[in-house]
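Remarks on the overall topology
Listed below are the residues making up each chain.
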Amino acid sequence: MVPCQRWKAESKRTSVVRLTLAPESVMPAQRLDGRTLAARLEGVLAEAIRHGLSVAGRPPGLAVLRVGDDPASGVYVANKEKACARVGLASHGAHLSGDTPQQELEAALRQLNDNAAVDGILVQLPVPDGIDDQALLQVLDPDKDADGLHPLNLGRLVRSEPGPRSCTPAGVMALLKEAQVPLSGARAVVIGRSTLVGQPMALMLQKADATVTVAHSRTRELAELTRQADVLVVAAGRPGLIGAEHVSPGAVVVDVGIHRKAEGGLCGDVRSAEVAEIAAALTPVPGGVGPMTVTMLLVNAVRAWTRRYGLPDPCPGL
Ligand code: NAD
(Lines give C-alpha, C1' and ligand atoms only; values in the text may rest on other atoms or scores of the structure.)
Protein backbone atom coordinates (compact mmCIF):
# COMPACT_ATOMS: atom_id res chain seq x y z
CA MET A 1 0.00 0.00 0.00
CA VAL A 2 1.14 3.54 -0.67
CA PRO A 3 0.14 5.39 2.50
CA CYS A 4 -1.41 8.73 1.82
CA GLN A 5 0.15 11.25 4.19
CA ARG A 6 -1.51 14.30 2.76
CA TRP A 7 -4.88 14.29 4.45
CA LYS A 8 -6.32 13.42 7.79
CA ALA A 9 -9.76 12.41 8.98
CA GLU A 10 -10.78 15.37 11.08
CA SER A 11 -13.58 13.80 13.03
CA LYS A 12 -13.24 10.22 14.14
CA ARG A 13 -15.88 10.63 16.85
CA THR A 14 -18.74 11.24 14.45
CA SER A 15 -19.62 9.40 11.29
CA VAL A 16 -18.83 12.54 9.28
CA VAL A 17 -15.38 12.44 7.75
CA ARG A 18 -13.87 15.69 6.51
CA LEU A 19 -10.71 15.35 4.56
CA THR A 20 -8.48 18.31 5.15
CA LEU A 21 -4.91 19.08 4.31
CA ALA A 22 -2.53 18.41 7.13
CA PRO A 23 -1.08 21.80 8.22
CA GLU A 24 2.36 21.05 6.84
CA SER A 25 1.06 20.06 3.46
CA VAL A 26 0.35 23.32 1.66
CA MET A 27 1.87 22.05 -1.56
CA PRO A 28 0.63 20.52 -4.79
CA ALA A 29 -1.62 17.50 -4.59
CA GLN A 30 -0.40 13.96 -4.25
CA ARG A 31 -0.45 12.25 -7.62
CA LEU A 32 -2.71 9.19 -7.67
CA ASP A 33 -0.54 7.19 -10.01
CA GLY A 34 -2.57 4.75 -12.07
CA ARG A 35 0.41 3.52 -14.08
CA THR A 36 2.28 2.27 -11.04
CA LEU A 37 -0.75 0.55 -9.51
CA ALA A 38 -1.72 -0.95 -12.88
CA ALA A 39 1.81 -2.34 -13.32
CA ARG A 40 1.71 -3.89 -9.86
CA LEU A 41 -1.70 -5.46 -10.48
CA GLU A 42 -0.46 -6.80 -13.81
CA GLY A 43 2.30 -8.56 -11.87
CA VAL A 44 -0.27 -10.09 -9.51
CA LEU A 45 -2.37 -11.30 -12.45
CA ALA A 46 0.69 -12.72 -14.27
CA GLU A 47 1.61 -14.67 -11.14
CA ALA A 48 -1.96 -16.00 -10.78
CA ILE A 49 -1.89 -17.17 -14.40
CA ARG A 50 1.50 -18.90 -13.96
CA HIS A 51 0.17 -20.73 -10.90
CA GLY A 52 -3.17 -21.66 -12.46
CA LEU A 53 -1.87 -22.88 -15.83
CA SER A 54 -1.20 -26.43 -14.67
CA VAL A 55 -4.78 -26.75 -13.39
CA ALA A 56 -6.52 -24.97 -16.26
CA GLY A 57 -4.29 -26.32 -19.02
CA ARG A 58 -4.64 -23.07 -20.94
CA PRO A 59 -4.20 -19.35 -20.29
CA PRO A 60 -7.18 -17.06 -19.80
CA GLY A 61 -8.49 -15.55 -23.03
CA LEU A 62 -9.83 -12.06 -23.73
CA ALA A 63 -11.72 -11.33 -26.93
CA VAL A 64 -12.34 -7.84 -28.26
CA LEU A 65 -15.06 -7.32 -30.86
CA ARG A 66 -14.21 -4.25 -32.91
CA VAL A 67 -16.61 -2.91 -35.53
CA GLY A 68 -15.53 -0.35 -38.13
CA ASP A 69 -12.34 1.65 -38.35
CA ASP A 70 -12.54 4.36 -35.70
CA PRO A 71 -8.82 5.23 -35.27
CA ALA A 72 -9.10 5.91 -31.51
CA SER A 73 -10.70 2.48 -31.04
CA GLY A 74 -7.81 0.98 -32.98
CA VAL A 75 -5.35 2.47 -30.49
CA TYR A 76 -7.41 1.27 -27.50
CA VAL A 77 -7.69 -2.27 -28.88
CA ALA A 78 -3.94 -2.39 -29.57
CA ASN A 79 -3.25 -1.26 -25.99
CA LYS A 80 -5.51 -3.98 -24.61
CA GLU A 81 -3.78 -6.62 -26.73
CA LYS A 82 -0.38 -5.42 -25.51
CA ALA A 83 -1.58 -5.59 -21.90
CA CYS A 84 -2.84 -9.15 -22.50
CA ALA A 85 0.54 -10.15 -23.90
CA ARG A 86 2.42 -8.64 -20.93
CA VAL A 87 0.28 -10.49 -18.40
CA GLY A 88 -0.09 -13.81 -20.21
CA LEU A 89 -3.66 -13.73 -21.49
CA ALA A 90 -4.44 -14.98 -24.99
CA SER A 91 -6.05 -12.32 -27.23
CA HIS A 92 -8.91 -13.37 -29.49
CA GLY A 93 -9.62 -10.31 -31.60
CA ALA A 94 -12.53 -10.08 -34.03
CA HIS A 95 -12.52 -7.04 -36.31
CA LEU A 96 -15.60 -6.67 -38.51
CA SER A 97 -16.33 -3.95 -41.03
CA GLY A 98 -18.58 -1.02 -40.08
CA ASP A 99 -21.34 -2.15 -42.46
CA THR A 100 -21.70 -5.61 -40.90
CA PRO A 101 -25.41 -6.22 -40.18
CA GLN A 102 -26.48 -6.33 -36.55
CA GLN A 103 -27.42 -10.00 -36.81
CA GLU A 104 -23.93 -10.96 -37.97
CA LEU A 105 -22.37 -9.03 -35.11
CA GLU A 106 -24.63 -10.79 -32.66
CA ALA A 107 -23.71 -14.15 -34.24
CA ALA A 108 -20.00 -13.29 -33.86
CA LEU A 109 -20.59 -12.55 -30.18
CA ARG A 110 -22.45 -15.84 -29.70
CA GLN A 111 -19.46 -17.66 -31.20
CA LEU A 112 -17.20 -15.97 -28.66
CA ASN A 113 -19.68 -16.89 -25.89
CA ASP A 114 -19.36 -20.54 -27.00
CA ASN A 115 -15.58 -20.46 -27.40
CA ALA A 116 -14.16 -22.43 -24.45
CA ALA A 117 -10.82 -20.61 -24.73
CA VAL A 118 -12.44 -17.21 -24.15
CA ASP A 119 -13.11 -16.03 -20.58
CA GLY A 120 -13.74 -12.34 -21.17
CA ILE A 121 -15.42 -10.56 -24.08
CA LEU A 122 -15.52 -6.86 -24.75
CA VAL A 123 -17.40 -4.90 -27.38
CA GLN A 124 -15.18 -1.93 -28.25
CA LEU A 125 -17.35 1.19 -28.00
CA PRO A 126 -18.40 3.33 -29.74
CA VAL A 127 -19.77 1.18 -32.56
CA PRO A 128 -20.70 2.86 -35.89
CA ASP A 129 -24.07 4.60 -36.26
CA GLY A 130 -26.87 2.21 -37.09
CA ILE A 131 -25.60 -0.53 -34.79
CA ASP A 132 -27.48 -1.03 -31.55
CA ASP A 133 -24.73 -1.34 -28.94
CA GLN A 134 -27.17 -2.06 -26.11
CA ALA A 135 -28.61 -5.01 -28.04
CA LEU A 136 -25.04 -6.28 -28.63
CA LEU A 137 -24.24 -6.06 -24.92
CA GLN A 138 -27.31 -8.13 -24.12
CA VAL A 139 -26.06 -10.97 -26.32
CA LEU A 140 -22.90 -11.30 -24.22
CA ASP A 141 -22.67 -14.19 -21.78
CA PRO A 142 -22.88 -12.16 -18.54
CA ASP A 143 -20.13 -14.25 -16.94
CA LYS A 144 -17.78 -13.40 -19.82
CA ASP A 145 -18.69 -9.70 -19.78
CA ALA A 146 -15.19 -8.24 -19.30
CA ASP A 147 -16.48 -4.64 -19.25
CA GLY A 148 -19.18 -5.30 -16.64
CA LEU A 149 -21.78 -3.54 -18.81
CA HIS A 150 -24.31 -6.34 -19.35
CA PRO A 151 -27.64 -5.40 -17.70
CA LEU A 152 -27.37 -8.42 -15.40
CA ASN A 153 -23.98 -7.25 -14.15
CA LEU A 154 -25.22 -3.71 -13.56
CA GLY A 155 -28.06 -5.34 -11.58
CA ARG A 156 -25.54 -7.44 -9.67
CA LEU A 157 -23.72 -4.24 -8.74
CA VAL A 158 -26.95 -2.66 -7.51
CA ARG A 159 -27.61 -5.75 -5.39
CA SER A 160 -23.97 -6.07 -4.18
CA GLU A 161 -23.74 -9.53 -5.74
CA PRO A 162 -20.46 -10.80 -7.20
CA GLY A 163 -19.94 -10.35 -10.92
CA PRO A 164 -17.71 -8.43 -13.31
CA ARG A 165 -17.72 -4.72 -12.47
CA SER A 166 -17.54 -1.79 -14.90
CA CYS A 167 -13.84 -1.28 -15.48
CA THR A 168 -13.42 2.49 -15.21
CA PRO A 169 -15.27 2.99 -11.91
CA ALA A 170 -13.72 -0.21 -10.52
CA GLY A 171 -10.31 1.22 -11.46
CA VAL A 172 -11.14 4.46 -9.66
CA MET A 173 -12.14 2.51 -6.54
CA ALA A 174 -8.85 0.60 -6.68
CA LEU A 175 -6.90 3.88 -6.88
CA LEU A 176 -8.81 5.33 -3.91
CA LYS A 177 -8.24 2.14 -1.92
CA GLU A 178 -4.55 2.11 -2.73
CA ALA A 179 -4.20 5.68 -1.48
CA GLN A 180 -6.21 4.80 1.63
CA VAL A 181 -8.73 7.54 1.00
CA PRO A 182 -11.38 7.19 3.72
CA LEU A 183 -14.75 6.78 2.03
CA SER A 184 -17.02 5.83 4.88
CA GLY A 185 -19.09 8.90 5.68
CA ALA A 186 -17.20 11.00 3.11
CA ARG A 187 -19.11 13.35 0.84
CA ALA A 188 -18.58 12.25 -2.74
CA VAL A 189 -19.70 14.10 -5.85
CA VAL A 190 -19.69 12.31 -9.21
CA ILE A 191 -19.99 14.51 -12.29
CA GLY A 192 -21.63 12.51 -15.07
CA ARG A 193 -24.45 9.98 -15.06
CA SER A 194 -23.56 7.68 -17.97
CA THR A 195 -24.14 3.95 -17.73
CA LEU A 196 -20.47 3.48 -18.60
CA VAL A 197 -18.95 5.61 -15.84
CA GLY A 198 -21.08 7.97 -13.74
CA GLN A 199 -23.84 5.66 -12.57
CA PRO A 200 -21.76 2.61 -11.62
CA MET A 201 -19.23 5.00 -10.05
CA ALA A 202 -21.91 6.53 -7.84
CA LEU A 203 -23.11 3.07 -6.82
CA MET A 204 -19.62 1.84 -5.95
CA LEU A 205 -18.93 4.91 -3.82
CA GLN A 206 -22.28 4.52 -2.09
CA LYS A 207 -21.53 0.89 -1.33
CA ALA A 208 -18.25 2.03 0.22
CA ASP A 209 -20.44 4.11 2.58
CA ALA A 210 -19.83 7.50 1.00
CA THR A 211 -22.73 9.93 0.74
CA VAL A 212 -22.97 10.45 -2.99
CA THR A 213 -24.40 13.24 -5.12
CA VAL A 214 -24.51 12.87 -8.90
CA ALA A 215 -24.18 16.03 -11.00
CA HIS A 216 -24.96 16.19 -14.71
CA SER A 217 -25.42 18.61 -17.58
CA ARG A 218 -28.61 20.08 -16.06
CA THR A 219 -27.14 20.58 -12.59
CA ARG A 220 -27.33 24.18 -11.41
CA GLU A 221 -24.54 25.88 -9.45
CA LEU A 222 -22.09 23.07 -10.06
CA ALA A 223 -19.21 24.77 -8.25
CA GLU A 224 -21.26 25.24 -5.10
CA LEU A 225 -22.04 21.53 -5.10
CA THR A 226 -18.56 20.27 -5.94
CA ARG A 227 -16.93 22.46 -3.28
CA GLN A 228 -18.73 20.31 -0.71
CA ALA A 229 -16.99 17.17 -1.96
CA ASP A 230 -14.36 15.29 0.00
CA VAL A 231 -14.03 13.08 -3.06
CA LEU A 232 -14.81 14.50 -6.51
CA VAL A 233 -14.97 12.19 -9.53
CA VAL A 234 -15.22 14.04 -12.82
CA ALA A 235 -16.57 12.13 -15.82
CA ALA A 236 -18.28 14.81 -17.88
CA GLY A 237 -16.29 14.50 -21.10
CA ARG A 238 -15.71 18.31 -21.10
CA PRO A 239 -12.07 19.34 -21.32
CA GLY A 240 -11.05 21.65 -18.47
CA LEU A 241 -14.54 21.83 -16.97
CA ILE A 242 -13.30 21.72 -13.39
CA GLY A 243 -10.98 24.37 -11.98
CA ALA A 244 -9.87 25.83 -8.68
CA GLU A 245 -13.30 27.36 -8.07
CA HIS A 246 -14.87 23.88 -7.95
CA VAL A 247 -12.59 22.29 -5.37
CA SER A 248 -12.21 22.70 -1.62
CA PRO A 249 -8.82 22.43 0.07
CA GLY A 250 -8.03 18.83 0.92
CA ALA A 251 -10.41 17.21 -1.56
CA VAL A 252 -9.41 14.11 -3.50
CA VAL A 253 -10.06 14.68 -7.21
CA VAL A 254 -10.31 11.90 -9.79
CA ASP A 255 -10.25 12.97 -13.43
CA VAL A 256 -11.87 10.36 -15.67
CA GLY A 257 -12.05 12.59 -18.76
CA ILE A 258 -9.61 12.05 -21.57
CA HIS A 259 -9.25 14.33 -24.57
CA ARG A 260 -6.77 14.84 -27.35
CA LYS A 261 -5.45 18.42 -27.40
CA ALA A 262 -5.22 20.24 -30.74
CA GLU A 263 -1.53 20.90 -30.08
CA GLY A 264 -0.91 17.21 -29.27
CA GLY A 265 -0.99 15.29 -26.01
CA LEU A 266 -3.90 14.51 -23.73
CA CYS A 267 -5.87 16.38 -21.11
CA GLY A 268 -8.73 15.61 -18.78
CA ASP A 269 -11.89 17.31 -17.54
CA VAL A 270 -9.88 18.95 -14.75
CA ARG A 271 -7.58 21.96 -15.10
CA SER A 272 -4.88 20.03 -13.34
CA ALA A 273 -2.31 22.76 -12.68
CA GLU A 274 -4.69 24.93 -10.69
CA VAL A 275 -6.55 22.08 -8.96
CA ALA A 276 -3.24 20.50 -7.88
CA GLU A 277 -2.58 23.62 -5.80
CA ILE A 278 -5.75 23.03 -3.76
CA ALA A 279 -6.59 19.33 -3.73
CA ALA A 280 -4.95 16.80 -1.43
CA ALA A 281 -4.69 14.30 -4.26
CA LEU A 282 -5.36 14.25 -8.00
CA THR A 283 -5.17 11.67 -10.78
CA PRO A 284 -2.99 12.74 -13.72
CA VAL A 285 -4.13 12.55 -17.35
CA PRO A 286 -2.59 10.54 -18.85
CA GLY A 287 -1.42 7.99 -16.29
CA GLY A 288 -4.32 8.03 -13.83
CA VAL A 289 -7.64 6.36 -14.51
CA GLY A 290 -6.83 5.21 -18.07
CA PRO A 291 -4.27 2.51 -17.20
CA MET A 292 -6.52 1.28 -14.38
CA THR A 293 -9.42 0.82 -16.80
CA VAL A 294 -7.35 -1.55 -18.92
CA THR A 295 -6.11 -3.41 -15.86
CA MET A 296 -9.61 -3.93 -14.48
CA LEU A 297 -10.57 -5.44 -17.82
CA LEU A 298 -7.80 -7.99 -17.34
CA VAL A 299 -8.90 -8.54 -13.73
CA ASN A 300 -12.43 -9.36 -14.92
CA ALA A 301 -11.15 -11.84 -17.53
CA VAL A 302 -8.63 -13.54 -15.23
CA ARG A 303 -11.21 -13.72 -12.45
CA ALA A 304 -13.69 -15.46 -14.80
CA TRP A 305 -10.92 -17.97 -15.63
CA THR A 306 -9.98 -18.64 -11.99
CA ARG A 307 -13.65 -19.09 -11.07
CA ARG A 308 -14.11 -21.56 -13.89
CA TYR A 309 -11.22 -23.74 -12.68
CA GLY A 310 -11.79 -23.36 -8.93
CA LEU A 311 -8.61 -21.29 -8.50
CA PRO A 312 -8.22 -18.54 -5.89
CA ASP A 313 -9.40 -15.03 -6.70
CA PRO A 314 -6.31 -13.20 -8.02
CA CYS A 315 -7.27 -9.84 -6.48
CA PRO A 316 -9.54 -10.35 -3.48
CA GLY A 317 -10.99 -7.09 -2.23
CA LEU A 318 -10.81 -5.37 -5.61
P1 NAD B 1 -20.95 10.59 -21.60
O2 NAD B 1 -20.90 11.66 -22.64
O3 NAD B 1 -21.74 9.36 -21.86
O4 NAD B 1 -21.50 11.22 -20.25
C5 NAD B 1 -21.09 12.48 -19.81
C6 NAD B 1 -21.90 12.87 -18.59
O7 NAD B 1 -21.42 14.13 -18.13
C8 NAD B 1 -23.38 13.03 -18.86
O9 NAD B 1 -24.11 12.35 -17.86
C10 NAD B 1 -23.64 14.53 -18.79
O11 NAD B 1 -24.90 14.84 -18.20
C12 NAD B 1 -22.50 15.01 -17.89
N13 NAD B 1 -22.07 16.36 -18.25
C14 NAD B 1 -21.75 16.82 -19.47
N15 NAD B 1 -21.44 18.13 -19.41
C16 NAD B 1 -21.58 18.51 -18.12
C17 NAD B 1 -21.42 19.73 -17.43
N18 NAD B 1 -21.05 20.86 -18.07
N19 NAD B 1 -21.65 19.75 -16.10
C20 NAD B 1 -22.02 18.63 -15.45
N21 NAD B 1 -22.20 17.43 -16.05
C22 NAD B 1 -21.98 17.38 -17.39
O23 NAD B 1 -19.43 10.25 -21.28
P24 NAD B 1 -18.79 8.97 -20.52
O25 NAD B 1 -18.80 7.81 -21.43
O26 NAD B 1 -19.37 8.84 -19.16
O27 NAD B 1 -17.28 9.47 -20.40
C28 NAD B 1 -16.95 10.67 -19.73
C29 NAD B 1 -15.50 11.01 -20.00
O30 NAD B 1 -14.68 10.00 -19.49
C31 NAD B 1 -15.13 11.15 -21.46
O32 NAD B 1 -14.15 12.16 -21.60
C33 NAD B 1 -14.53 9.81 -21.80
O34 NAD B 1 -13.62 9.88 -22.87
C35 NAD B 1 -13.83 9.50 -20.52
N36 NAD B 1 -13.59 8.09 -20.26
C37 NAD B 1 -12.36 7.77 -19.85
C38 NAD B 1 -12.08 6.47 -19.52
C39 NAD B 1 -10.70 6.13 -19.04
O40 NAD B 1 -10.34 4.97 -19.03
N41 NAD B 1 -9.93 7.14 -18.61
C42 NAD B 1 -13.04 5.47 -19.65
C43 NAD B 1 -14.33 5.84 -20.04
C44 NAD B 1 -14.60 7.17 -20.34
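Residues numbered from 1 in each chain as written. Predicted model: local features only at pLDDT ≥ 70, side-chain atom pairs only at ≥ 80, totals over all residues. Heavy atoms only, no water.

1. What about the overall build of the protein?
Summing up its helical and strand segments, the protein has 10 helices and 14 strands in all. On C-alpha atoms alone, the protein measures out to a radius of gyration of 20 Å, which is about the 20 Å that the 2.2 N^0.38 rule sets for 318 residues. Overall size of the protein, expressed as C-alpha extent along the three principal axes, is 55 × 45 × 35 Å. In the protein, which comprises 318 residues, the share counted as buried stands at 50%. Long-range pairs, those at least 24 residues apart, make up 70% of the contacts in the protein with a sequence separation of at least 6. Looking at the protein as shown, the accessible area adds up to about 14600 Å², and 53% of this sits on carbon and sulfur atoms. Counting 33 positive and 33 negative side-chain charges, the protein places the centres of these two groups 6 Å from one another. (Helix = DSSP H or I, 4+ residues; strand = E, 2+ residues; numbered from the N terminus. Rg over C-alpha atoms; globule rule 2.2 N^0.38 Å. Buried < 20%, exposed > 50% of the residue type's maximum accessible area, 1.4 Å probe, protein only. Contact = heavy atoms within 4.5 Å. Areas by Shrake-Rupley, 256 points an atom, 1.4 Å probe, with all protein chains shown as cover. Lys, Arg positive; Asp, Glu negative; His and termini not counted. Charge placed at Lys NZ, Arg CZ, Asp CG, Glu CD.)

2. What about the pattern of salt bridges?
Per the counting criterion, the structure on display carries 10 salt bridges. One salt bridge connects arginine 308 with aspartate 119, and the closest N-O pair in it is separated by 3.5 Å. Taken together, the residues span a long stretch of sequence, with arginine 308 in helix 10 (residues 289–308) and aspartate 119 in the loop between helix 3 (102–114) and strand 7 (120–123) at a distance of 189 residues. Note that glutamate 161 is salt-bridged to arginine 159, the shortest N-O span being 2.8 Å. Residue classification places arginine 159 among the exposed residues on the basis of a relative accessible area of 61%. The network of salt bridges with shared partners includes Arg58, Asp119 and Arg308. (Salt bridge = Lys/Arg side-chain N within 4 Å of Asp/Glu carboxyl O.)

3. Quick notes on the side chain of asparagine 153
Among the secondary structure elements, asparagine 153 is positioned in helix 5 (residues 151–158). Of the polar contacts made by the side chain of asparagine 153, one reaches the side chain of arginine 156; its length is 2.7 Å. The contact partners of asparagine 153, leaving out residues within four places of it in the chain, are Pro142, Asp145, Gly148, Gly163, Pro164 and Arg165. (Polar contact = N/O pair within 3.5 Å; in protein donor to acceptor, adjacent residues only side chain to side chain.)

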